[in-house]
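In case you want the letters, here they are:
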Amino acid sequence: ETGVTQTPRHLVMGMTNKKSLKCEQHLGHNAMYWYKQSAKKPLELMFVYNFKEQTENNSVPSRFSPECPNSSHLFLHLHTLQPEDSALYLCASSMEPSVSETQYFGPGTRLLVL
Amino acid sequence: SQQGEEDPQALSIQEGENATMNCSYKTSINNLQWYRQNSGRGLVHLILIRSNEREKHSGRLRVTLDTSKKSSSLLITASRAADTASYFCATVQTGANNLFFGTGTRLTVIP
């Protein structure tokens, strides 16, 4: 266990559904991240939150909406997704608000969009 | 793009042998990190090497960094079946706040 938990672990949703992914870190870290891992593609950084403030949005479509109510919790709200959004969504955290530092990853949520 | 590229894409060895994976990147970096991922799970950080370092060790892992060639290697000595996983390098470009991952090397260690 890395101290980062994600729920649900698996999710199947239709293109008209609205769902949310949850991430929680128990490490006292100040930065949290969302990544997308698609088959045969490099891991893609989606969002970065430092001290609850979003500092990076790597051109992610608006159908993905992050929320960081406090430094321990991070959500990814999903609506009107496309089948190509099916992927493993990974959450990570780090002590310092910099991607240069070691990141601790959760187990991921396997998302299937039908 | 800045993404690292691992080589080989897949590697299969016998238990006890050494495994070497390589990573190449394109621009100047602050540091380079290696991560491991078991099938369908999250990534686990293995080792971080900074741009002013040339070699680093951690247990059975040895990482080298050659900034002149823009390349890094990860050596796992005396491999075990439990080392079977995908290994990724990730780079932080100088002045950027993004971590670029490669597509990984899939290592299989045969008992």
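Rules used throughout
- Residues numbered from 1 in each chain as written.
- Chains lettered and ligands numbered in written order.
- Predicted model: local features only at pLDDT ≥ 70, side-chain atom pairs only at ≥ 80, totals over all residues.
- Heavy atoms only, no water.
- Disulfide = S-S within 2.5 Å.
- Helix = DSSP H or I, 4+ residues; strand = E, 2+ residues; numbered from the N terminus.
- Buried < 20%, exposed > 50% of the residue type's maximum accessible area, 1.4 Å probe, protein only.
- Phe/Tyr/Trp six-rings, centres within 6.5 Å; stacked < 30°, edge-to-face > 60°.
- Salt bridge = Lys/Arg side-chain N within 4 Å of Asp/Glu carboxyl O.
- Polar contact = N/O pair within 3.5 Å; in protein donor to acceptor, adjacent residues only side chain to side chain.
- Contact = heavy atoms within 4.5 Å.
- pLDDT = per-residue confidence, 0-100.

### Digging into the state of the cysteines
Under the counting rule described, the total for this entry stands at two disulfides over all chains. Paired by a disulfide, Cys23 of chain A and Cys91 of chain A hold their sulfur atoms 1.9 Å apart. One quick way to see it: the torsion about the S-S bond of Cys23 of chain A and Cys91 of chain A is about -75 degrees, and its sign makes the bridge left-handed. In this pair, Cys23 of chain A sits in strand S3 (residues 18-25) while Cys91 of chain A sits in strand S9 (residues 87-94), placing the two residues 68 residues apart along the sequence. Take Cys23 of chain A: its relative accessible area is 0%, and that puts it in the buried class. The residue that forms a disulfide with Cys23 of chain B is Cys89 of chain B, at a sulfur-sulfur distance of 2.0 Å.

### Topic: unusual backbone geometry
The amide bond that connects Thr7 of chain A to the next residue, Pro8 of chain A, takes the cis arrangement and shows omega of -10 degrees. Here Pro8 of chain A lies in the loop between strand S1 (4-7) and strand S2 (10-13). With an omega of 0 degrees, the peptide bond between Asp7 of chain B and Pro8 of chain B qualifies as cis. Look at Thr80 of chain A: it is not a glycine, yet its phi comes out positive at around 45 degrees.

### Here we look at the packing of aromatic side chains
Applying the stated criterion across every chain, the model contains seven aromatic pairs over all chains. Ring plane angle 85 degrees and centroid distance 6.4 Å describe the contact between Phe105 of chain A and Phe101 of chain B, whose orientation is recorded as edge-to-face. In this pair, Phe105 of chain A is assigned in strand S10 (residues 104-105) and Phe101 of chain B in strand S10 (residues 99-101), connecting two distinct chains. The pair formed by Phe105 of chain A and Phe101 of chain B is uniform in burial state, with each residue classed as buried. With relative accessibility at 0%, the residue Phe101 of chain B sits in the buried group. By the ring-pair criterion, three or more aromatic residues cluster together here, those being Tyr33, Tyr35 and Phe105 of chain A together with Tyr35 and Phe101 of chain B.

### So, the pattern of salt bridges
According to the stated counting rule, one finds four salt bridges over all chains in the structure shown. Between Arg62 of chain B and Glu55 of chain B there is a salt bridge, with its nearest N and O atoms 3.1 Å apart.

### Overview of the side chain of Thr64 of chain B
Residue and element names in this part refer to chain B. When you line up the elements, Thr64 lands in strand S7 (residues 61-66). Residue class for Thr64 comes out buried when judged on its relative accessible area of 18%. Engagement of the side chain of Thr64 in a polar contact is seen with the side chain of Ser73, the distance being 2.6 Å. For Thr64, the contacting residues outside a window of four places in its chain are Ile49, Arg54, Glu55, Ser71, Ser72 and Ser73.

### Thoughts on the side chain of His73 of chain A
Residue and element names in this part refer to chain A. Structurally, the position occupied by His73 is in strand S8 (residues 73-79). Among the polar contacts made by the side chain of His73, one reaches the side chain of Glu24 at a distance of 3.3 Å. Within the structure, the side chain of His73 is placed 2.9 Å from the side chain of Asn70, a separation counted as a polar contact. What His73 contacts, discounting residues up to four positions off in sequence, is Lys22, Cys23, Glu24, Met32, Glu67 and Cys68.

### Describing the confidence of the model for chain A
When pLDDT is averaged along chain A, the result is 91; 98% of the residues meet or exceed 70. When pLDDT is averaged over each element of chain A, S3 of chain A comes out on top at 97 and strand S6 (residues 53-57) of chain A at the bottom at 78.

### Details of the interface of chain B and chain A
In this complex, chain B contributes 21 residues to the contact, which on the side of chain A involves 23 residues. At the junction of chain B with chain A, the criterion picks out zero salt bridges. At the boundary of chain B with chain A, the tally comes to three residue pairs in polar contact (both at pLDDT 80 or more). Per-element tally for the side of chain B that touches chain A: the top contributor is strand S4 (residues 29-37) of chain B, with five residues.

### Looking at the environment of Leu32 of chain B
Residues and elements named next belong to chain B. Note that Leu32 resides in strand S4. Sequence separation of Leu32 and Ser72 is 40 residues, and the distance between their C-alpha atoms is 8.1 Å. Sequence-distant contacts of Leu32, that is, excluding residues within four places in its chain, are made with Cys23, Tyr25, Ile47, Leu48, Ile49, Leu65, Ser72, Cys89, Ala90 and Thr91.

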